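Given next are the chains, with one letter for each unit.
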Amino acid sequence: MVGCGAWGFNYINTLCSIPEVKLQCICDIKEESLQKVRKTYPNIRTTTDYRELLNDDHLDGVIIATPPHSHFSIATEFLSQNKAVLVEKPCTVSYHEADTLIKLAEKNNSILMAGHLMEYHPAVLKMQEYISQGLPGRLRYILLERTSLGKNHNDVGVHWDLTVHDLSMVRCLVNSNPKWVSAHGVSYRQQNIYDLVIITMEFPDNLLVQFHANWISPIKKRQVVISGEQMTMVFDDVKDTDKLQLLSNSGEITMPGFEKNLPLTNQCMHFVDCIKTKSPPKTGSADIIWVIKAMDLAEQSLLHNGAKLSWDGNGGLDGKA
């Protein structure tokens with residue numbers, strides 16, 4: 001485990017609860033973070049230098065949960081040593097970096113997986129099942145909102161922190177490419193670090209998808225509304241119960257059941273299974289490149305006053321929709 005901040009510690013607790021996993025080493029550049037780990041898990045080796053692990057033949061896989069701009073360099077070194085790598089979102093912070101990692105993993109026949117957590121959420125899997133069955137009818141509109149008071153970040157904006165979750169969800173639910181991407185954002189607290197971002201995409205068949213992320217709202221939201229011709233699905237991940245509701249056009253409300261497995265446990269178990277079976281991950285190269293391409297286009301649109309950028313325009317402004 002490389003990186004044991006707040007989210008890294010969640011990984012550690014999860015990994016230690018899985019019988020098939022032996023967590024061999026935990027790495028972090030901050031000694032105080034490692035001290036916290038040692039209090040809870042005194043028998044697990046710790047180090048401040050992940051390079052000590054690169055040539056460890058007993059190591060099958062590595063999970064990277066460090067600040068986003070360090071993901072590429074750390075993942076490159078482990079993939080070069082034929083280790084299976086799970087990189088927390090965002091996998092990288094540019095399309096070029098994502099493409100380079102994917103090619104390196106393919107060259108070395110290594111596993112590269114992104115921590116796109118929501119694709120392992122039982123409620124999202126249930127919505128995916130309903131859409132594939134045609135239950136909501138033709139999709140018309142999807143709204144995804146992630147808001148809360150966020151701490152100051154000095155590396156990435158709110159869209160890199162929050163919207164990546166929603167993009168990965170849309171990819172698995174819609175299963176097609178958008179026609180264009182447009183984004184607007186505002187930096188309130190630090191220059192060039194967006195606190196509020198709204199991304200809009202149009203998909204084939206007149207489907208409009210909008211993502212709303214901000215760090216300045218006192219109300220925490222983790223909500224998805226999927227509107228179809230026959231039914232609307234509402235997924236509210238902040239609620240303790242009844243996270244998923246189905247609303248028919250006649251006004252009937254149904255709250256379907258689904259498995260209660262924790263998404264992070266599902267994700268870690270999938271990583272373990274991929275290592276054992278040498279199978280490609282669900283959130284592997286195709287998922288990574290789609291999400292990072294969407295983010296890359298959103299980033300360019302933010303810099304050009306919300307310009308509509310064509311998905312098939314090779315990512316440049318010459319590809320305006």
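This is a predicted model, so every value here is computed, not measured.

1. Considering the overall build of the protein chain
- Looking only at helices and strands, the protein chain features eight helices and 14 strands.
- Here the C-alpha radius of gyration of the protein chain, 20 Å, is about what a compact globule of 321 residues would show, namely 20 Å.
- Seen along its three principal axes, the alpha-carbon backbone of the protein chain occupies a region of about 60 × 45 × 40 Å.
- Counting over 321 residues, the protein chain shows a buried share of 55%.

2. Digging into the nonpolar core
- Judged by nonpolar contacts, the single largest core of 77 residues is most densely connected at Phe-78, Leu-112, Ile-142, Ile-226 and Phe-235.
- If you tally residues by element for this core, the top one is helix α6 (residues 158-174), at ten residues.
- Excluding residues within four positions of it along the chain, Ile-142 makes contact with Val-174, Leu-207, Leu-208, Val-209, Gln-210, Val-224, Val-225 and Ile-226.
- The next biggest cluster of nonpolar side chains, apart from the first, holds 26 residues, and it includes Ile-26, Leu-34, Ile-111 and Ile-275.

3. Regarding the packing of aromatic side chains
- The final tally for this structure, using the stated rule, is three aromatic pairs.
- The interplanar angle of 40° and the centroid separation of 5.3 Å between the aromatic rings of Trp-290 and Trp-311 together place this pair among those described as tilted. Here Trp-290, found in helix α8 (residues 285-303), pairs with Trp-311, found in the segment after β14 (309-310); they are 21 residues apart in sequence, far enough to count as distant. Here Trp-290 matches Trp-311 in class, with each residue buried.
- Against the face of Phe-258 rests Lys-260, its NZ or CZ located 4.8 Å from the ring centre.
- Positioned over the ring face of Tyr-120 is Lys-282, at 5.2 Å from the centre of the ring.

4. Description of the side chain of Thr-92
- Tracing the backbone shows Thr-92 in the loop between β4 (84-88) and α4 (95-107).
- A distance of 2.9 Å separates a polar atom in the side chain of Thr-92 from the backbone oxygen of Ser-94.
- Discounting residues that sit within four places of it in the chain, Thr-92 has contacts with Phe-72, Glu-97, Ala-98, Leu-101, Trp-160 and Ile-292.

5. A look at α6
- Over its 17 residues, α6 extends 23 Å from the first C-alpha to the last, a length consistent with the 24 Å expected when each residue adds 1.5 Å.
- Roughly 40° is the biggest bend found in α6, and it falls at Val-164.
- When you tally the buried positions in α6, you get 15 out of 17 residues, the bulk of the element.
- Trailing α6 by a residue or two, Asn-175 shows a phi angle of about 60°, which is positive.

Thresholds applied
- Residues numbered from 1 in each chain as written.
- Predicted model: local features only at pLDDT ≥ 70, side-chain atom pairs only at ≥ 80, totals over all residues.
- Heavy atoms only, no water.
- Helix = DSSP H or I, 4+ residues; strand = E, 2+ residues; numbered from the N terminus.
- Rg over C-alpha atoms; globule rule 2.2 N^0.38 Å.
- Buried < 20%, exposed > 50% of the residue type's maximum accessible area, 1.4 Å probe, protein only.
- Core = buried A, V, L, I, M, F, W, Y, C linked by side-chain atoms within 4.5 Å.
- Contact = heavy atoms within 4.5 Å.
- Phe/Tyr/Trp six-rings, centres within 6.5 Å; stacked < 30°, edge-to-face > 60°.
- Lys NZ or Arg CZ within 6 Å of the ring centre and 35° of its normal.
- Polar contact = N/O pair within 3.5 Å; in protein donor to acceptor, adjacent residues only side chain to side chain.
- Expected span 1.5 Å × (residues − 1).
- Bend = angle between axes of the 7 residues up to and from the residue.

Fair warning: the whole summary comes from geometry, so function is off the table for now.
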